[in-house]
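Fold and contact review
This is what each chain is made of:
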Amino acid sequence: MKELDVRGLDCPIPVVKTKKAMDEKPGEQICVLADSAVAKENVTRLAESRGYEVKSEAAGTDEFRLLLTPSGK
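In what follows, the accompanying structure is described. Keep in mind that what you see is a predicted model, and the values were worked out from it rather than measured.

**Considering the sheet that holds strand β2 (residues 30-34)**
- Taking strand neighbours across the sheet as the criterion, the four strands line up as β1-β2-β4-β3 in an open arrangement whose pairing is mixed. Single-partner strands in this sheet number two, and they are β1 (2-5) and β3 (52-58). Taking each pair of neighbouring strands and ignoring which way they run, the sheet shows an average axis angle of 20°.
- For β2 and strand β4 (residues 64-70), the ladder comprises five bridges, and the chain directions are antiparallel. Bridging across to β4, V32 finds its partner in L66.
- Those strands touched by helix α1 (residues 13-24) are β1, β2, β3 and β4, and its axis lies near 165° from that of β1.
- The sheet contacts of helix α2 (residues 37-49) involve β2, β3 and β4, and relative to β4 the element is tilted by about 5°.

**A short note on α1**
- Taking 1.5 Å per residue, twelve residues should reach 16 Å; α1 reaches 16 Å between its end C-alpha atoms and fits that length.
- Buried within α1 we find P14, T18, A21 and M22. Take α1 and look down its axis: the buried residues cluster within an arc of 100°, on one side only.
- Tucked inside the fold, the buried residues of α1 contact β1, β2, α2, β3 and β4.

**What to know about the packing of aromatic side chains**
- Applying the stated rule across the entire model yields zero aromatic pairs.
- Over the ring of F64 we find K40, and its NZ or CZ is 5.3 Å from the ring centre.

How each quantity is defined
Residues numbered from 1 in each chain as written. Predicted model: local features only at pLDDT ≥ 70, side-chain atom pairs only at ≥ 80, totals over all residues. Heavy atoms only, no water. Pairing = 2+ DSSP bridges. Helix = DSSP H or I, 4+ residues; strand = E, 2+ residues; numbered from the N terminus. Axes fitted to C-alpha atoms, helices over the stretch in contact; angles between N-to-C directions. Contact = heavy atoms within 4.5 Å. Expected span 1.5 Å × (residues − 1). Buried < 20%, exposed > 50% of the residue type's maximum accessible area, 1.4 Å probe, protein only. Arc of directions from axis to C-beta. Phe/Tyr/Trp six-rings, centres within 6.5 Å; stacked < 30°, edge-to-face > 60°. Lys NZ or Arg CZ within 6 Å of the ring centre and 35° of its normal.

Written out as structure tokens, the structure reads:
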């Protein structure tokens, strides 16, 4: 599983980095650490549009852990 830390980055950088990780390792689970609701929503939208299942957990105050799992895995 690839872990991607996009905390402290403004959009669209979290989405760009997540897309790059998806393109480099298609079919692999990705864990994205984000610290803004906007990044969480945008990364979730990207993942769902590419057929990933998204599980979100709070990882502290204003921090989110998104587990992106490709469909069928």
